[in-house]
Amino acid sequence: MATPLTLKELSKKEVLLTSGHRMCSGCGAPIIVKMVLLASEYPIVAANATGCLEVSTCISDYTAWKIPWIHNAFENAAATLSGVETMYRSLKKQGKIDKDIKFIAFGGDGGTYDIGFQSLSGAMERGHDMLYICYDNGAYMNTGIQRSSATPYGADTTTCPAGSVIQGKPQPRKNLTKIMAAHDIPYVAQASPSNWSDLVKKVKKALEIKGPKFMNILSPCNRGWRSRTDDAIMLSRLGVETCYWPLYEIENGVTKVTFKPKEKKPLVDFLKPQGRFKHLFAPENENMLKNFQEMVDKEWGSLLKASGTE
Amino acid sequence: MAKVVAVTGNEAVAYALKQVNPDVSAAYPITPATDIMQRFTSYVSNGQVKTEMVLAESEHSAMSGCIGASAAGGRVMTATSSQGMALMWEELFIASGSRLPIVMALVNRALSAPLNIHGDHSDGMGARDCGWIQLWSENAQEAYDNTIQAFRIAEHMDIRLPAMVCLDGFIISHSIERMEYIDDDAVKNFVGEFKALNPLLDIEHPVSYGPLILTDYYMEYRKAHAEVMSKVSKVVLDAAKEFEKISGRKYGLFETYRLDDAEIGLVILNSAAGTSKDVIDSFREKGIKAGLLKPRLFRPFPYEEIGNALKNLKAVCVLDRADAFGGSYGPLFIDIAASLYPHKNGPVLMNKIYGLGGRDYLPGHAELVLNELVDIAKTGKVKMIKEYIGVRE
């Protein structure tokens, strides 16, 4: 019997990432992991790329994971889980396992967009029955906020610091969700912890689909974003409502916007509370704000067009 | 009943893998190892093995997949060479540090640059300190026999470490030899059922693999690894004893050839040992007491046993098919010298670097070296301790 999608019912389920882990207070990642694991009706085996989530949840003899979990290295959560899932298929075929088990990989944006991209692309192409979840906080937060290809345009990081000549990251983000959709896998989605019901629904749907699935989830990081520790959900909501982080899914090639804000907020509402964008509000950087807004508008426009909801 | 066949080294290894019939293999093509996986995947496609393949997009992912599959709880193997192993580098340490009994055929090949696809030992020597067991093989028969034994050694409950089986690229991998295959059932019984240890797929007993361990306990883990390494020799010898029962072939930690009463000797790995043995025979016919030692278990290195086997010789040449740039000597020489360190009156040593990038090692080279050893045995003097042979000046 599937758990009805209500907070009351979900709250009765066991939380499979225990408290006591060492993620920073106010981090989006453990919230996302808990939501993902609550969404599952199946036993899960998880793989984790090296990163904040990994170094903070399994230290020496202490693990926060109540499910089987493997960390191998930074760039290979997808390849590692490919091996786990393949062994599962082998043993199931041989009649040595009878349970239905689902496989989920967790990686940050560095381990997914950048160093782990080949491993992810390969695993998706091979068609492993797994869900890869990227918790995207927009930089290498674990090593101290260095820019990744997921870092937003203009953001100040420790390797693209806003200076007198260069004003933060000159390039726009890599659109990984679209790239994963271009793999023609059965399910790709973007989600945000602010919209928990949308997120849980997408995970549930993904786990019912056989084959490779990818979800990109916005994960606020108060250290890197230079925001208040209690603003994670507020910021991820603003990311959605400004259409900086549109919520949508592409199921068997069909694009569907799953949340359309009643009133699309200006991007500055998302940028203003974050210290990493502070320099963009200097009068001489007005043009950058304009460029950034145009990028967001363009992506949102093309998404609406693709989903036929213009 | 053993079956006599004429096969290449790669074919023999692929056939051993078919007989072992692992649960999963994750692999990526690279010359000269490609042929092993080509042959093996045809067994998969024709339903002759139960193995599920992960045809990965790189060697890094191939070894990552092997690690995931092994941790999941089943028997796992792969094969690679040279650059492929170099790309796996990081993962080799993670496989051994996680105590996963993966078996890998390493078809030895030179490392770039310059690009060269032929046989030398640079790849295997580079991986000597990564915590894997290494078994080296002279010919197709040994590569086949070592492959079968590697599973039993790696998966032994006292060990649980990954093992690589080394054979010379092209010289062995692509040359046809006469050899014997053991019966399928005998191989199956010899390797036995795979026993999972803390498998990820046991969802009733969740385990975490790959923790962060800093200054407080990291060193204890490393020491534990070193202690396990010290138990490998015994398991290798036990496996060899059992293997002799099904094959009639004897294996030890190393092979000695006419070494018991020898005054001069060669120490040499893999295929070049075969060439050297012929030349040793011709020196013996001349009344010169020459012998040979060919290491088999290179990691962990049996220092004590090898030191004892060589201590009474007058002069020994260690031939290395790899150099250790910036170090004084070739990698095999360094270990041989270390094994003789406790023996004050041990032999005079010299080191020749030969056969890099597949350069031929001919009987003439062995003759040259043995003649030099004859002089050294007389005079006790070495002209040049380390030298490249078979090379243009």
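Note that this is a predicted model, so its numbers are computed, not measured.

Rules and cut-offs
Residues numbered from 1 in each chain as written. Chains lettered and ligands numbered in written order. Predicted model: local features only at pLDDT ≥ 70, side-chain atom pairs only at ≥ 80, totals over all residues. Heavy atoms only, no water. Helix = DSSP H or I, 4+ residues; strand = E, 2+ residues; numbered from the N terminus. Rg over C-alpha atoms; globule rule 2.2 N^0.38 Å. Contact = heavy atoms within 4.5 Å. Lys, Arg positive; Asp, Glu negative; His and termini not counted. Charge placed at Lys NZ, Arg CZ, Asp CG, Glu CD. Pairing = 2+ DSSP bridges. Axes fitted to C-alpha atoms, helices over the stretch in contact; angles between N-to-C directions. Domains from an automatic or database assignment. Buried area = accessible area lost by both parts, 1.4 Å probe. Salt bridge = Lys/Arg side-chain N within 4 Å of Asp/Glu carboxyl O. Polar contact = N/O pair within 3.5 Å; in protein donor to acceptor, adjacent residues only side chain to side chain. Buried < 20%, exposed > 50% of the residue type's maximum accessible area, 1.4 Å probe, protein only. Phe/Tyr/Trp six-rings, centres within 6.5 Å; stacked < 30°, edge-to-face > 60°. Nonpolar A, V, L, I, M, F, W, Y, C, P; charged D, E, K, R; others polar.

### Let's talk about the overall build of chain B
Each helix and strand counted, chain B has 13 helices and 16 strands in total. Taken over the C-alpha trace, chain B has a radius of gyration of 21 Å; the compact-globule value for 393 residues is 21 Å, and the two agree within 12%. Here the C-alpha coordinates of chain B stretch approximately 70 × 55 × 45 Å along the principal axes. For chain B, restricting intrachain contacts to residue pairs at least 6 apart in sequence, the fraction spanning at least 24 positions comes to 81%. Here chain B carries 40 positive and 49 negative side-chain charges, and the mean point of each set is 5 Å from the other.

### Notes on the sheet that holds strand 7 (residues 163–168) of chain B
Residue and element names in this part refer to chain B. Taking strand neighbours across the sheet as the criterion, the seven strands line up as 3-2-4-5-7-6-13 in an open arrangement whose pairing is mixed. Strand pairing shows two members of the sheet lacking a second neighbour, strand 3 (52–55) and strand 13 (297–299), which therefore form its edges. Averaged over neighbouring strand pairs, the angle between their axes works out to 20 degrees when direction is ignored. With two bridges joining them, strand 2 (residues 24–27) and strand 4 (residues 76–80) adopt parallel strand pairing. Bridge pairing links S25 to M77 in strand 4.

### Side note on the domain arrangement of chain B
All names here are of chain B. Domain parsing of chain B yields domain 1 (3–247) and domain 2 (254–388). Computed over C-alpha atoms, the centres of domain 1 and domain 2 are 28 Å apart. Each partner contributes to the interface: domain 1 provides 30 residues, whereas domain 2 provides 24 residues. Across the domain 1 to domain 2 interface the summed buried area is about 2200 Å²; carbon plus sulfur atoms make up 53%. Counting across the interface, domain 1 meets domain 2 through four salt bridges. Between the two partners, domain 1 and domain 2, sit 17 residue pairs in polar contact (both at pLDDT 80 or more). Listing elements by their share of the side of domain 1 that touches domain 2, those giving two or more residues are helix 5 (122–126), strand 6 (133–137), helix 6 (140–155), strand 7 and helix 9 (232–247).

### Looking at the pattern of salt bridges
Enumeration according to the criterion identifies 47 salt bridges over all chains in this entry. Across the pair K93(A) and E52(B) runs a salt bridge, and its minimum N-O distance is 2.7 Å. With one member in each of two chains, K93(A) in helix 4 (residues 77–93) and E52(B) in strand 3 form a pair that bridges those chains. For E52(B), a relative accessible area of 16% corresponds to the buried category. For D129(A), the salt bridge goes to K210(A), with nearest N and O atoms at 3.6 Å. Linking D129(A) in the loop between helix 6 (117–126) and strand 6 (131–136) with K210(A) in the loop between helix 8 (196–208) and strand 8 (213–218), this pair joins segments that are 81 residues apart in sequence. A single network of salt bridges, built from pairs that share partners, joins E138(B), E142(B), E255(B), K277(B) and K294(B).

### Some details on the packing of aromatic side chains
In the structure shown here, the tally under the stated rule is 21 aromatic pairs over all chains. Ring plane angle 40 degrees and centroid distance 5.1 Å describe the contact between Y144(B) and Y181(B), whose orientation is recorded as tilted. Here Y181(B) lies in strand 8 (residues 176–181) and Y144(B) lies in helix 6, a separation of 37 residues in the sequence. Assigned by exposure class, Y144(B) and Y181(B) land together as buried. Here the aromatic residues Y153(A), W225(A), Y244(A), F270(A), F277(A) and F292(A) are joined through ring pairs into a cluster of three or more.

### A look at the interface of chain A and chain B
Counting from both sides, the interface comprises 43 residues of chain A and, opposite them, 42 residues of chain B. In this assembly, chain A packs against chain B so that about 3100 Å² is buried in total across both faces, 60% of it on carbon and sulfur atoms. At the surface where chain A touches chain B, the tally comes to five salt bridges. For the salt bridge of R89(A) with E52(B), the shortest nitrogen-to-oxygen distance reads 3.1 Å. Between the two partners, chain A and chain B, sit 19 residue pairs in polar contact (both at pLDDT 80 or more). Breaking the side of chain A that touches chain B down by element, the ones donating at least two residues are helix 3 (52–57), strand 2 (58–59), strand 4 (69–71), helix 4 and helix 6 of chain A. It is helix 4 of chain A that contributes the most residues to the side of chain A that touches chain B, 12 residues altogether. Residues of the side of chain A that touches chain B, tallied by class, amount to 19 nonpolar, 15 polar and nine charged. The pairing of strand 4 of chain A with strand 9 (residues 208–209) of chain B spans two bridges and is classified as parallel.

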